[in-house]
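Here are the chains, one letter per residue:
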Amino acid sequence: MATVAFLHAHPDDEAIFSGGTISALASAGHAVVLVVATSGELGVDDTETEAPEGPGVELGAARRSEVELAAEILGVRSLHHLDYRDSGLAGDPANDE
């Protein structure tokens, strides 16, 4: 069996873009490695949705927890966080820092 690596910029990218492929490869016995560059801390904070950890959890921490759960569900063998700073959305003043 092969080892296959996926590199995504943000948590949830694995579910949106490659979740089906990750799951199929893992189910076929391949070792899937998932690398996530940022915690997505500058993404959209949908306050209507409560984080699994409870209200008031910092967005980056909530998204990191979500990708860890997604990786488990998808069958990822190894998950790595690079902890780069999120660049934010287009037009976000955080991009000027």
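Computed from a predicted structure; not experimentally measured.

So, on to the overall build of the protein chain. Within the protein chain one finds two helices and three strands. In the protein chain, the succession of helices and strands from N to C terminus is β-α-β-α-β. The long-range share in the protein chain, meaning contacts at least 24 apart out of those at least 6 apart in sequence, stands at 69%. Here the protein chain has roughly 5900 Å² of accessible surface; of this, 55% comes from carbon and sulfur atoms.

This brings us to the sheet that holds strand β2 (residues 31-38). Spatial ordering of the open sheet is given by β1-β2-β3, a layout of three strands whose pairing is parallel. Looking at strand neighbours, the two that pair on one side only are β1 (3-8) and β3 (78-84), the edges of this open sheet. Sheet twist, expressed as the average angle between the axes of neighbouring strands with direction ignored, equals 15 degrees. Here β2 pairs with β3 via five bridges, running parallel. Bridge pairing in β3 links Val36 to His81. With respect to the sheet, helix α1 (residues 13-27) is in contact with β1 and β2, its orientation differing from that of β1 by roughly 175 degrees.

Criteria and thresholds
Residues numbered from 1 in each chain as written. Predicted model: local features only at pLDDT ≥ 70, side-chain atom pairs only at ≥ 80, totals over all residues. Heavy atoms only, no water. Helix = DSSP H or I, 4+ residues; strand = E, 2+ residues; numbered from the N terminus. Contact = heavy atoms within 4.5 Å. Areas by Shrake-Rupley, 256 points an atom, 1.4 Å probe, with all protein chains shown as cover. Pairing = 2+ DSSP bridges. Axes fitted to C-alpha atoms, helices over the stretch in contact; angles between N-to-C directions.

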